[in-house]
Amino acid sequence: MSPDVLARPGRAFAIGIGLNLAFVAIEAWYGWKSGSLALLADAAHNLSDVGGLLLAWGGMVAAGLKPDERHTYGWRRATILASFANAVILLVAMGSLAWEAIGRLGESTPVHGGTVIVVAAVGVVINFATAWLFLRGRDDLNIQGAFLHMLADGLVSVGVVVSGALMLWLGWDWLDPVVSLGIAAIVVGGTWSLFRKSLHLLFDGVPEGLSLPAIRASLEAVEGVAAVHHVHVWALGTSENALTAHLVLIPGADADAVLAQAHHELAHGHRIRHATLQLESATYADACAAREELG
């Protein structure tokens, strides 16, 4: 069973960062010695992954800071920023790899296939082992970013091993930049989802897995509620959501019972445990709607 990285994030991040920093140095050295663009590109990609892991770790540490009078929600959103930065770093790294590979397509550069195979094989082990450290926490978007970073690096290394074997066997040196382009395309495809989700959350979009109509229907079904309006849902961080809503009460409704049932529905039906609910009479609700129309 994989370790619970959400409960012990520091250990997983420290191990991942240490392993990858050591491998970056080894891979860059042998990439330069062997003349392999794929190894050098993979080393650069690994270095970007170290930065991504540092961002994700920093985001989780920041999210654990307590709220204060200046930051009433604390620093939970740091995890969203970290996942967004993680995606951007990976996309930029793959763009740089693709640019260099395109430039090498017309060149005939000899590559030492044996060295490429051995070094890249070590990378496969290190990258997949690091990804495994974050396997269990993938429900958190920030941890998902770290997991995708390392999984992508492992796939890159697999591609480099294959290209090294073919170059050694058939002498196809042109395969080095071609494999780099293919790997870049695969990684970009996998990273785009992380980029899109984190950008959506940065602009207070409704978190994935939540349905505003379904939430509104749950609140309207609460006994004593006549209508619901001003429903807003957003992410406090990559693993915690918040909601505000106005509930219009039926005359004579038990306000405490309404609040208790509404919070229960939100927590157990929609995984929203940070909710602020305003209870209104029909008369106040009409005045509230009029104020909204006036802007």
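Each remark here, short or long, concerns the structure printed above.
Residue positions within a chain follow its written sequence, with the count starting from 1. Given that this is a predicted model, residues contribute local features only at a pLDDT of at least 70 and side-chain atom pairs are listed and counted only at 80 or more, while totals for whole chains, interfaces and linings are drawn from all residues. Each side-chain value is derived from all of the structure's non-hydrogen atoms; neither hydrogens nor water enter the calculation.

Focus on the packing of aromatic side chains
Phase 1: Aromatic pairs are defined between Phe, Tyr and Trp rings, using the six-membered ring for Trp, whenever the two ring centres lie within 6.5 Å; interplanar angles under 30 degrees are classed as stacked, those over 60 as edge-to-face, and all others as tilted. Counted under the stated rule, the structure contains two aromatic pairs.
Phase 2: One aromatic cluster in this structure is built from Phe84, Trp192 and Phe195.

Here we look at the pattern of salt bridges
Phase 1: A pair is scored as a salt bridge if a Lys or Arg side-chain nitrogen falls within 4 Å of a carboxyl oxygen belonging to Asp or Glu. Summed over all chains, the structure comprises two salt bridges.
Phase 2: Two residues, arginine 77 and aspartate 204, come together in a salt bridge whose shortest N-O distance is 2.7 Å. One end of the pair, arginine 77, is in the loop between helix 2 (37-63) and helix 3 (78-104); the other, aspartate 204, is in the loop between helix 6 (175-202) and helix 7 (212-220), and 127 residues separate them in sequence.
Phase 3: Think of it in three bands: residues with accessible area under 20% of the maximum for their type are buried, residues over 50% are exposed, and the middle band is partly exposed, with areas taken using a 1.4 Å probe on protein chains only. Among the residues examined, aspartate 204 registers a relative accessible area of 41% and is labelled partly exposed. Secondary structure is summarised from DSSP: a helix means a run of H or I of at least four residues, a strand means a run of E of at least two, and numbering begins at the N terminus for each.

Details of a nonpolar patch on the surface
Phase 1: Residues Ile102, Leu105, Trp169, Leu170, Trp172, Trp174 and Val178 make up a contiguous nonpolar surface patch of roughly 730 Å² in combined accessible area.
Phase 2: Positionally, leucine 170 belongs in helix 5 (residues 141-170).
Phase 3: In this structure leucine 170 comes out as partly exposed when scored by relative accessible area, which is 37%. A patch consists of residues whose relative accessible area exceeds 30% and which take part in no salt bridge; residues with like charges are grouped when within 9 Å of each other, and nonpolar side chains (Val, Leu, Ile, Met, Phe, Trp, Tyr) when within 5 Å. Areas reported as accessible are Shrake-Rupley estimates using a 1.4 Å probe. Residue values count occlusion only from the protein chains shown.

Quick look at the packing of helix 7 against helix 8 (residues 255-270)
Two numbers describe a pair of packed helices, the interaxial angle and the distance between the axes.
Phase 1: The angle between two axes is taken between their N-to-C directions and runs from 0 to 180 degrees, where each axis is a line fitted to C-alpha atoms and a helix contributes only its stretch in contact. Put simply, helix 7 and helix 8 touch, their axes get as near as 9 Å, and they point 145 degrees apart. Viewed along their axes, helix 7 and helix 8 form a crossing whose handedness is right-handed. Contacts between helix 7 and helix 8 pair Ala214, Ile215, Ser218 and Leu219 from the former with Ala262, Leu266 and His270 from the latter.
Phase 2: Grouping the amino acids of the contact of helix 7 with helix 8 by side-chain chemistry returns five nonpolar, two polar and no charged. Left-handed is the label given to a crossing in which the near helix is rotated counterclockwise from the far helix by less than a right angle, and right-handed is the label when the rotation is clockwise. Contacts: residue pairs with any heavy atoms within 4.5 Å of one another. All residues other than Ala, Val, Leu, Ile, Met, Phe, Trp, Tyr, Cys, Pro, Asp, Glu, Lys and Arg, Gly among them, are scored as polar; the first ten of these are nonpolar and the last four charged.

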